[in-house]
Amino acid sequence: MNVQATSLDGDRSRQNSGEIVARHIIVCGMVQGVGFRPFVHRLATGLGLKGSVRNLSGHVEIHVEGRLDDVEEFQQRLTADAPPLARPIIASITIATHRAAGFEILGSAMSGQADVHLPPDRFLCEDCWRELFDPSNRRYRHPFITCTQCGPRYTLIERLPYDRENTGMSRFPLCADCRAEYESPGDRRFHAEPLSCRACGPRLAFKVRGAADVVSGDEAALAAAVAELGRGAIIAVRGIGGYHLMCDASNAEAVATLRRRKRRPSKPLAVLFPQSGVDGLDVVRQSVVLDDVAAGVLRDPARPIVLAPRRADCPVTRELAPGLDTIGVFLPYSPLHALLTSDIGRPLVATSANVSGEPVIIDSGDAELRLAHIADGILHHDRPILRPADDAVVHVVAGSARALRLGRGTAPLELTLPRPLPRPVLAVGGQMKCAIGIGFDDRAVLSPHIGDLESPRALGVFEHLAADLPRIHAIEPAVVVADAHPHYVSSRWARSGNRPVIEVLHHHAHASGLGGEHPHVDNWLVFVWDATGMGADAAIWGGEALVGRPGNWRRVASIRPLRPLGLDLAARAPWRSAAAVMWECGLPFAPPLAPGEAELARLAWDRGLNAPPTSGIGRLFDAAATLILDLRTASFEGEAPMQLEALAWRGYQPALSPLRLPLARDEKCILRSDWRPLIVAIADTDKSPQLRAHQFHLALAAMLVDQAHAIRERLAAEGAPPFEAVGLTGGVFQNKLLAEMVHERLATEGFTALMPVQVPANDGGLAFGQIVEAAARLEDTMR
């Protein structure tokens, strides 16, 4: 707690506990949209205090009067007993004059510079859950039940301060009963801005594809949707942050139909489970294995999708994640989802309603147009969704829950910067898995996942958020921070404006993002492993070891470059990387091309035509997936590494010794590991595919640890400061098996290993790293 109250210290010795005092308190942090004003009112009246509370430009302003000991207890409990979603910080406490007759919530006001904290959307709280299924409650089965502690925020708030007229609920006048609750200090819904009931709306409507009539009314629409799901249909459901496509997760035919219509042959589909049992996870545990960390994350107010190992007797179809042994599972987070899963009584596929790589659809007209060829019916509602928020995704690696995708429930994600920014900045992220962020003062705010910027819809959402996030936080970015790659859509957009642009190398942003999450480390060795990103020499990097700190990174190690045919095509055609590594090793490989084209491809590769060098570890995974699994093409980015990891888990042998790869300096004194012996080993078809997949992972883990030892020795020889921790980041470290192998080996060898936690290790975390890097550079220019 940060309390600037030194003006009171001298008075306290002259006061006694019964003396009547008055205080003016400013509270900042996450205090709007989280039930903080009603909490303050209850706390103050419970202690017999007088005064007022109001929203003031992003802060909460409190005037309180009463006996000294009661006022001091009030001050202590403001933070200690705050609502679960609140993150209050007492900014100042000053002496005030006596003027209050009672305690009231005043209307919001604006004064001075705003201190805005935009809360993410939250799950259905336990109190509202009980009421939802209580036949005696007037909100029994109301699909939009909410209170001060739950429901939509980010997707519903148009502007702050957080008052009903500033949200999408402004179009729904409160009925008399809701108005009485809203104005009653003792009620849980006192000043609950998204408050509603059946009388005042919002409302559901269900439409069957091709039918002229709409099924209106909450119960009728719900019953129609459940009936369609029960007969194996696919329906689109409008949730909090956008539409889901849903079907019965136990119905293999329904899942196959969804895949065919959505043109998503193998990408994993998330599953929404009914909440059941003491902790709500009984039905989930019938399908997947949950450790304590995963169970805790599933129950978190964010209600993210959590990746968990599939049980051998799992009742849901294997078509959910072909070739994989994990399933993305989550619990109902809204009352509508709770009703759907309760009524149908079994798990439902719940995947984003979008074209692959695009943001989730939020508009009802857009849904009817763009989902007409996929959904047999659509369950609409008329509560506005002001901005999209796809579901957040989390997995457990090395004992900690780590973000894979920011989204509904986890974003906007706010983090404290290691260095304050002298000027506000807008960070525009990368190309794939794009998310953006803003930085100002000592704060960074990251958006939910947007998507891949090649699509017009993704670019439209990107441009909207680039204007919307600064507007709602009442800042004007003076600088735009972008990836150094000249052809990224985000980078081109940044340069097309009239603001100065700071360019940050892709892998420097990854490393700085990790540094921003672990600011206690001054000197780093960071391994940034991914598939692609432009390096300082304009080459394609992706297997880099960097030493230093944000604002001052130096590349010290990498891997021997490989030259995939048609580099930009390699992510969806893993055989191109396999051909490159096999030919580099002098081994035969037959490309899956028509007669004559294979010979031309080899000739082009020999001459270096359209086969630029890359040090991307991701491309090595692609090659290994082809050589071990015969996976020639991929239907989505990351499919080859995911399939290879799943196979490696099946061949896991703790006692297996790793293949050690040669390590030597190149002409620029960069340490490079030579992967060629590994390719020869995994090309040996006398060994089982499972063993070769495990051997591949084990060799890469040993390679990293060998590089760490060599770099430590090199720094000591140079007289350079030693690194304090080894960082692991970049999309390759989404691979749980590899990350845990490396983490364990580093710890065994005496290194401290750190990984991202709140921020994705993949390109979804680039914007945060760009902000941290910009803060370091701008600080240096101010000196």
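Residues numbered from 1 in each chain as written. Predicted model: local features only at pLDDT ≥ 70, side-chain atom pairs only at ≥ 80, totals over all residues. Heavy atoms only, no water.

S.K.: What am I meant to see in the sheet that holds strand 6 (residues 204-208) here?
M.R.: Across a sheet, paired strands are connected by hydrogen bonds in the backbone, their directions being either parallel or antiparallel. On the basis of which strands lie adjacent, the open sheet formed by 11 strands has the order 7-6-14-8-9-13-10-12-11-15-16 and mixed pairing. At either margin of the open sheet sits one strand with a lone partner, and together these are strand 7 (215-216) and strand 16 (400-405). Two strands pair when backbone bridges link them, and strand 6 and strand 14 (residues 377-381) are joined in this way by 5 bridges, in the antiparallel orientation. Note on strand 14: the bridge partner recorded for alanine 205 is histidine 380. (Pairing = 2+ DSSP bridges. Helix = DSSP H or I, 4+ residues; strand = E, 2+ residues; numbered from the N terminus.)

S.K.: How should the environment of leucine 118 be read in this particular structure?
M.R.: Inspection of the secondary structure assignment puts leucine 118 in the loop between strand 5 (103-105) and helix 4 (126-132). Beyond its immediate chain neighbours, meaning those up to four positions away, leucine 118 contacts Met30, Tyr154, Ile157, Pro412, Ile472 and His473. (Contact = heavy atoms within 4.5 Å.)

S.K.: Quick question: what am I supposed to make of the side chain of glutamine 643 here?
M.R.: Relative to the elements of secondary structure, glutamine 643 occurs in helix 18 (residues 639-650). Glutamine 643 has contacts with Pro322, Gly323, Leu324, Leu629 and Leu631, leaving out every residue within four places of it along the chain.

S.K.: Would you mind showing me how to read the nonpolar core here?
M.R.: Side chains of a nonpolar character, in soluble globular proteins, are inclined to be buried together. One finds Phe527, Trp529, Ile711, Phe733 and Leu746 to be the most contacted residues of the largest nonpolar core, which totals 66 residues. The element contributing the most residues to this core is helix 20 (residues 689-718), with 13 residues. If you look at the next biggest cluster of nonpolar residues, it comprises 39 residues, including Ala236, Tyr243, Ala254 and Leu269. (Core = buried A, V, L, I, M, F, W, Y, C linked by side-chain atoms within 4.5 Å. Buried < 20%, exposed > 50% of the residue type's maximum accessible area, 1.4 Å probe, protein only.)

S.K.: In this structure, what is going on with the packing of helix 18 against helix 21 (residues 736-748)? I would like to understand it.
M.R.: Closest axis-to-axis distance for the helix 18/helix 21 pair is 9 Å, and the angle between their directions is 60°. By the angle class used here, helix 18 and helix 21 are oblique. In this structure, helix 18 uses Glu645, Ala648 and Trp649 to contact helix 21, whose residues at the interface are Lys736, Leu737 and Glu740. (Axes fitted to C-alpha atoms, helices over the stretch in contact; angles between N-to-C directions. Parallel < 35°, antiparallel > 145°, perpendicular 65-115°, else oblique.)

S.K.: When you look at the environment of asparagine 552 in this model, what are you seeing that I'm missing?
M.R.: Looking at the secondary structure, you find asparagine 552 in strand 23 (residues 552-559). With a relative accessible area of 45%, asparagine 552 lands in the partly exposed category. Separated by 118 residues in the primary sequence, asparagine 552 and isoleucine 670 have C-alpha atoms spaced 17 Å apart.

S.K.: For this particular structure, what's the right way to read the pairing of strand 18 (residues 437-446)?
M.R.: If a strand is regular, its side chains alternate between the two faces of the sheet. In terms of burial, strand 18 is a largely internal element, 8 of the 10 residues being buried. Bridge count for strand 17 (residues 413-427) against strand 18 is 8 bridges, and the pairing is antiparallel. The residue bridging leucine 413 from the neighbouring strand is leucine 446, located in strand 18.

S.K.: Quick question: what am I supposed to make of the sheet that holds strand 25 (residues 671-673) here?
M.R.: Spatial ordering of the open sheet is given by 24-25-23-22-21-26-27, a layout of 7 strands whose pairing is mixed. Two strands in the sheet have a free side with no partner beyond their single neighbour: strand 24 (663-665) and strand 27 (753-754). Pairing analysis gives 2 bridges linking strand 26 (residues 725-729) to strand 27, with the strands arranged parallel. Bridging across to strand 27, valine 726 finds its partner in alanine 753. The sheet strands contacting helix 21 are strand 21 (524-529), strand 26 and strand 27, and the helix crosses strand 26 at an angle near 175°.

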